[in-house]
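Report on the structure
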Amino acid sequence: MPPSLEALKAELESVRTKAVQEIDAAKTPEAVEALRVRYLGKKGVLAGLMSHLRALPAEARPSFGQAVNALREALEDQIGARRAALEAAALEARLQAEAIDVTLPGEALAPGARHPLSQVIEAIEDIFIGMGYRIAEGPDVEWDTYNFERLNIPKDHPARDMQDSFYLTDEMLLRTHTSPVQVREMLAMAPRTPLKIICPGNVYRRDTDDATHSHMFTQIEGLVVGEGVRMSDLKGTLEQFARRLFGEETKIRLRPSYFPFTEPSAEVDVTCSACGGTGCRVCKWTGWLEVLGAGMVHPKVLEAGGYDPRRVSGFAFGLGVERIAMIKYGVDDIRQFYVNDARVLRSFVAC
Ligand code: DAH
């Protein structure tokens, strides 16, 4: 018995009712797609209904065909609308979840600052670079021969008592000053002239740490080697340096002293930058601050560096960076420079 037109139309209506409900209830785009396949797909419910077409009498076919196609169009519209609504809701939910409140206060960044010792080293480097010097560096772990022997400090020399050292082996130690860089640079450069260098770096001594002593501190060494270099060149250079670093009114004075690697040797004082030379607590009421050691390079040191002391001469100087930083920043305890307390470091402004 072939199905009657009425029976098929009735089935069509019950398919419509069910499909409309199900599409309405679909919660996700995937569920909507599954319904599309079930009802509208090649082997779907509507295709199944259409297959009854042949069995109908010829005059009933157009009306049933149109009815199925009308339902197909209606379901396609509903599916499209439902899918669009679900996608819009999903987008809205994502936007809500990812929303950024641009009115919230930002995270404050604590501004950093150069360490005061670095500031002093850079200021001094700049001054000497302006006078044609080159920056040279040497190792912290040094040979005894560079640290002492070739600087005219032989093994039994009393000057070795001045600097208690950290020895690693019989021949190797943590350098006690930056002067060994002089030797290294002379050996690399001789017999060429001129040699004009400054050498910043850490040095180490077996001292008990207190307000003015530290087992590790920082020095800057200077060395000039050339034909006809004289004591007056040293004095003029240091005068220039002191004026640039401490201010144009600064004066210097040289006091005779002794270092094994220079002859003659001098201690160099600058007028106190705190009181201008009239006397205060900083300069212990003398008006002067001792800031460096200097002298004419000893002929034996020139020779140990590969130069001919009859042909060339030189001057050298060495200064303690912490001492200068303490003067410039008014710090009275050297240990302040090593605490790494941001509150302390922030209080030093560029010099
Ligand atoms: N090396 C000496 C020290 O550490 C400082 C010094 C003095 C260096 C005189 C020099 C100099 O080059 O000429 O105490």
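The structure displayed is predicted, hence computed values, not measured ones. (Residues numbered from 1 in each chain as written. Predicted model: local features only at pLDDT ≥ 70, side-chain atom pairs only at ≥ 80, totals over all residues. Heavy atoms only, no water.)

Things to note about unusual backbone geometry
Residues T193 and P194 are joined by a peptide bond in cis, for which omega reads -5 degrees. Backbone torsion omega between E263 and P264 reads -5 degrees, so that peptide bond is classified as cis. For P264, the location among the structural elements is in strand β7 (residues 262–271). The phi angle at N152 is positive, at roughly 65 degrees, despite the residue not being glycine. Positive phi, normally seen in glycine, also occurs at K284, with a value near 50 degrees. (Helix = DSSP H or I, 4+ residues; strand = E, 2+ residues; numbered from the N terminus.)

Describing helix α7 (residues 180–189)
Within α7, seven of the 10 residues are buried, which leaves it mostly tucked inside the rest of the structure. What α7 keeps buried is the set P180, V181, Q182, V183, E185, M186 and M189. (Buried < 20%, exposed > 50% of the residue type's maximum accessible area, 1.4 Å probe, protein only.)

Topic: the packing of helix α2 (residues 29–40) against helix α4 (residues 61–97)
Orientation of α2 relative to α4, taken along the N-to-C sense of each, is 170 degrees, at an axis distance of 9 Å. As judged from the angle between their axes, α2 and α4 are roughly antiparallel. Here α2 contributes P29, V32, E33, R36, Y39 and L40 to the contact with α4, which in turn contributes R72, L75, E76, I79, R82, R83, L86 and E87. In terms of residue class, the contact of α2 with α4 is made up of seven nonpolar, no polar and seven charged. (Axes fitted to C-alpha atoms, helices over the stretch in contact; angles between N-to-C directions. Parallel < 35°, antiparallel > 145°, perpendicular 65-115°, else oblique. Contact = heavy atoms within 4.5 Å. Nonpolar A, V, L, I, M, F, W, Y, C, P; charged D, E, K, R; others polar.)

As for the pairing of strand β5 (residues 216–226)
The element β5 is extensively covered by neighbouring structure, given that 10 of its 11 residues are classed as buried. Bridge count for β5 against strand β9 (residues 313–320) is eight bridges, and the pairing is antiparallel. From the neighbouring strand, G222 faces β9, where its bridge partner is F317. (Pairing = 2+ DSSP bridges.)

Concerning the site of the ligand
Around the ligand lies a shell of 16 residues, among which H177, S179, R205, Q219 and E221 are the nearest. A distance of 3.0 Å is found between a nitrogen atom of the ligand and a side-chain nitrogen or oxygen belonging to S179. A316 places a polar main-chain atom, nitrogen or oxygen, 3.2 Å from an oxygen atom of the ligand. The protein chains hide 92% of the 360 Å² of surface that the ligand would expose on its own. Within the residue set of the shell around the ligand, elements represented by two or more residues are β5, β8 (288–297) and β9. (Near = heavy atom within 4 Å. Polar contact = N/O pair within 3.5 Å; in protein donor to acceptor, adjacent residues only side chain to side chain. Areas by Shrake-Rupley, 256 points an atom, 1.4 Å probe, with all protein chains shown as cover.)

Some details on the environment of I127
Looking at where I127 falls in the secondary structure, it is placed in helix α5 (residues 116–129). Expressed as a C-alpha distance, the spacing of I127 and F241, which sit 114 residues apart in the sequence, is 6.7 Å.

Considerations on the sheet that holds β7
By definition, the strands of a sheet pair up through backbone hydrogen bonds, in either a parallel or an antiparallel sense. Judged by pairing direction, the sheet is mixed, and its seven strands sit side by side in the order β1-β4-β5-β9-β8-β7-β6 without closing on themselves. Two strands lie at the open edges of the sheet, namely β1 (134–135) and β6 (252–259), each paired on one side alone. In this structure, β6 lies alongside β7, joined through seven bridges in antiparallel fashion. If you follow F259 over to β7, its bridge partner there is T262. Seen against the sheet, helix α10 (residues 321–329) touches β5, β8 and β9 and runs at an angle of roughly 55 degrees to β9.

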